[in-house]
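As a plain string of letters, each chain reads:
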Amino acid sequence: MTNFTKKHKNDYISPLPHGFNSWIFLYGKFTEYFFGADDSQPTPAIASADQIDYIPMPAWKTFTIEFLNIAGLGPIFGAILGAMYGPMAYLWIVLGCIFIGAVHDYFSGMLSVRNNGASIPEIVGKYLGNGFRQFLRIFSLLLLIFVGVAFVTGPAELLSSFTGGGMTMWLYAIFAYYLIATLLPINKIIGKIYPVFGLALLIMALLIGGAIIIYGISGQLVLKELSLSSFSNFHHHPTENILFPMLFIVISCGALSGFHSTQAPMMARCITHEKQGRYVFYGAMIAEGIVALIWATAAMNYFGGAEGLNATLQTSGHTPAWVVNEISTGWLGKAGAVLAIIGVVVCPITTGDTAFRSARLTIADVFKMKQTTTTKRLIISIPLFLVGFLLSQLDFATIWKYLGLSNQILAVIVLWTGAMYLAKNNKSHWMLSLPALFMTIICVSYLMVAPIKTGGLFLSPETGYLIGGSAGIAAMIWFLATIKHIKKEIRQQNINQQITNNFKN
């Protein structure tokens with residue numbers, strides 16, 4: 001075994017309570033085994049330590065940072081909007097999180113670990129080819145900037161309404177913080193305060209979950225029972241919000257989110273043992289799924305069912321942020337109001353700054369620019385934040401509505417990447433290729449049937465499903481043909497090597 005220091009050995013403990021480990025024990029353990037996590041291999045934090053981005057951290061800290069990086073508003077707002085479709089949201093959150101989302105996060109994190117902390121475009125390029133690398137460099141960078149911008153304008157609007165201050169003033173203040181957090185070594189701000197906010201987000205969800213149980217037992221809250229009739233589309237605009245595929249796009253964080261793959265390399269550069277990856281990457285996603293499940297349940301039942309939630313959100317000014325504040329203060333009083341502010345203001349800000357940090361690292365990887373000096377980090381950061389500030393002048397809804405689809409498109413590419421990694425290592429690829437096939441059908445179908453105002457072509461569902469299904473089948477045929485070609489090349493190389501060895505002998 002590699003000679004790690006005693007400090008690092010002591011760090012190798014589960015950051016999660018034993019009861020929580022049961023959520024990730026079975027399929028999480030299987031995923032770890034199938035990937036082949038090996039503690040004898042030094043991680044990037046050990047092999048490439050630079051005290052800026054590559055810094056060894058204890059497992060509990062990397063878990064809480066990873067959780068906050070991937071969470072923010074996602075598992076709260078997405079779950080509330082997804083709850084408008086009704087109890088079908090539960091199935092997607094539970095099954096999607098365990099069998100697709102957590103596996104996606106684990107592979108994106110561990111492939112980064114195995115490639116010295118490389119950002120996701122470089123990982124995709126290694127396994128799917130240079131064309132995908134070049135596309136994803138641009139695509140993931142745009143996604144990161146849009147996430148950062150979306151998570152600055154939303155909190156700025158809320159802070160402006162809370163304090164009466166101007167929107168522009170809060171934009172300047174948040175962007176100033178973003179710049180500082182992006183430039184400083186990861187253990188200076190992110191490593192110190194993010195675990196606190198990550199725990200606050202978890203505590204907020206657990207308190208809401210506890211309130212659901214208490215009010216349910218006392219009879220003050222009547223939880224809607226699941227039945228066959230409840231598994232239908234409850235959305236108040238069902239023709240524009242078709243259950244399949246819309247639900248799978250609306251609920252991303254908490255079930256499956258491509259954005260997580262852009263965040264995983266940051267902690268891939270900080271974990272000290274490969275087997276910590278199950279807790280940090282798979283475990284953080286399971287934690288996010290629990291948060292999403294709690295908020296979907298709260299939103300669906302606080303207003304008397306999915307119908308009541310839809311009616312509430314049709315009222316002017318009743319946004320998901322309003323729902324969070326209403327439920328938190330209604331069930332938890334003044335403490336709930338404080339937690340609501342943390343949830344809808346602080347947490348998205350912390351997700352936004354790590355999005356910009358990931359964007360800086362992605363650009364640095366593209367141009368192979370070492371980030372060991374402040375000057376080099378400023379060369380990338382200043383233009384990045386100028387672009388972000390200009391985009392922040394756009395309407396929030398315009399920015400937000402494109403995030404869901406681009407998020408899941410990135411997830412599709414990462415799933416195919418993980419499947420290719422397995423195939424190239426002579427392992428069964430179905431664990432990732434089947435989810436990749438499913439999400440390919442979802443994304444293409446969404447592009448076909450979604451309203452034009454949300455980026456779709458608004459075709460009939462039948463036409464959309466036909467095109468989406470055909471696209472999924474075509475992607476699988478391409479994947480299997482590529483694998484066959486690669487294996488043929490490997491066999492030929494082995495034959496040539498054997499001939500060469502025989503000739504030498």
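Residue numbers restart at each chain and count upward from 1, following the sequence in its written direction. Predicted model: local features are reported for residues with pLDDT of at least 70 only, side-chain atom pairs are reported and counted for 80 or more only, and whole-chain, interface and lining totals are derived from all residues. The basis for the side-chain values is all heavy atoms of the structure; hydrogens and waters are excluded.

**What to know about the nonpolar core**
Nonpolar side chains in soluble globular proteins tend to end up buried together. Spelled out, the test is: Buried Ala, Val, Leu, Ile, Met, Phe, Trp, Tyr and Cys residues that are joined via side-chain atoms within 4.5 Å together make up what is termed a nonpolar core. Only protein chains enter the calculation, and the probe is 1.4 Å; a residue is then buried if its accessible area is under 20% of its type maximum, exposed if over 50%, and partly exposed in between. A run of H or I in DSSP becomes a helix once it reaches four residues, and a run of E becomes a strand once it reaches two; helices and strands are each numbered from the N terminus. What makes two residues a contact is simply this: any of their non-hydrogen atoms within 4.5 Å.
Core analysis: the largest hydrophobic core is formed by 156 residues, its most contacted members being Trp 92, Tyr 178, Phe 281, Trp 295 and Val 324. Per element, the largest residue contribution to this core is 18 residues, and it comes from helix H15 (residues 320–367). Those residues in contact with Trp 295 that lie beyond four places of it in its chain are Pro 75, Ile 76, Ala 79, Ile 80, Met 204, Ala 205, Ile 208, Val 324, Ile 327 and Ser 328.

**Structural notes on the layout of surface pockets**
Over the atoms rolls a probe the size of a water molecule, and its path tells where empty space is left. Note the cut-off: Any residue with an atom within 4 Å of a point lines the site, the site being either a cavity, points on a 1 Å grid over the protein atoms alone where a 1.4 Å probe fits but cannot get out, or a pocket, an open set with protein on both sides within 12 Å along at least 5 of 7 lines. Grid points are joined across faces, edges and corners, and a volume is the space filled by probe spheres set on the points. Under the convention adopted here, Pro, Cys and the residues Ala, Val, Leu, Ile, Met, Phe, Trp and Tyr are nonpolar, Asp, Glu, Lys and Arg are charged, and Gly plus all remaining residues are polar.
Its volume calculated, the second largest pocket comes out at about 440 Å³. Looking at the second largest pocket, it is lined by 19 residues, and the ones nearest its centre are Tyr 54, Asn 116, Arg 269, Asp 365 and Lys 370. It is H15 that contributes the most residues to the lining of the second largest pocket, three residues altogether. Split by residue class, the lining of the second largest pocket holds five nonpolar, seven polar and seven charged.

**A few points about the environment of Ala 205**
Mapped onto the elements of the fold, Ala 205 is located in helix H10 (residues 190–218). A C-alpha to C-alpha distance of 9.7 Å links Ala 205 and Ser 328, two positions 123 residues apart in sequence. With residues near it in sequence (within four places) discarded, Ala 205 still touches Val 291, Ile 294 and Trp 295.

**Here's the deal with the packing of helix H4 (residues 59–70) against helix H12 (residues 259–268)**
Formally: Here the axes come from fitting lines to C-alpha atoms, over the contacting stretch only for helices, and the angles between their N-to-C directions go from 0 to 180 degrees. With respect to orientation, any angle under 35 degrees is reported as roughly parallel, any angle over 145 as roughly antiparallel, any angle of 65 to 115 as roughly perpendicular, and every other angle as oblique. Helix crossings are classified by the rotation of the near helix relative to the far one: an anticlockwise turn of less than a right angle makes the crossing left-handed, while a clockwise turn makes it right-handed.
As a packed pair, H4 and H12 sit with axes 9 Å apart at the nearest point and diverge in direction by 155 degrees. In terms of orientation, H4 and H12 fall into the roughly antiparallel class. Crossing geometry of H4 relative to H12 is assigned as right-handed. On H12, the residues that touch Thr 62, Ile 65, Glu 66, Asn 69 and Ile 70 of H4 are Phe 259, His 260, Gln 263, Ala 264, Met 266 and Met 267. When grouped by side-chain class, the residues that make up the contact of H4 with H12 number six nonpolar, four polar and one charged.

**With respect to H15**
For the record, the criterion: Given a helix with a known number of residues, its expected span is that number minus one, times 1.5 Å. To get the bend at a residue, fit one axis to the 7 residues ending there and another to the 7 starting there, then take the angle between the axes.
With 48 residues, H15 extends only 40 Å from end C-alpha to end C-alpha; this falls clearly short of the ideal 70 Å at 1.5 Å per step. Of all bends in H15, the biggest is about 150 degrees, found at Leu 332. In the stretch just after H15, Lys 368 is the one whose phi turns positive, near 50 degrees.

**Examining the pattern of salt bridges**
What counts, and what does not: What counts as a salt bridge is simple: a side-chain nitrogen of Lys or Arg found within 4 Å of a carboxyl oxygen of Asp or Glu.
For the coordinates displayed, the defined rule picks out eight salt bridges. Between Glu 32 and Lys 29 there is a salt bridge, with its nearest N and O atoms 3.5 Å apart. One end of the pair, Glu 32, and the other, Lys 29, are both in helix H2 (residues 18–35), three residues apart, so they sit about a helical turn from each other. We classify Glu 32 as buried; its relative accessible area is 5%. A salt bridge links Arg 357 to Asp 53, with the shortest nitrogen-to-oxygen separation between them at 2.8 Å. In this pair, Arg 357 sits in helix H15 while Asp 53 sits in the loop between helix H3 (44–47) and H4, placing the two residues 304 residues apart along the sequence. Note on Arg 357: relative accessible area 1%, which makes it buried. Through salt bridges with shared partners, a single ionic network connects Lys 29, Glu 32 and Arg 278.

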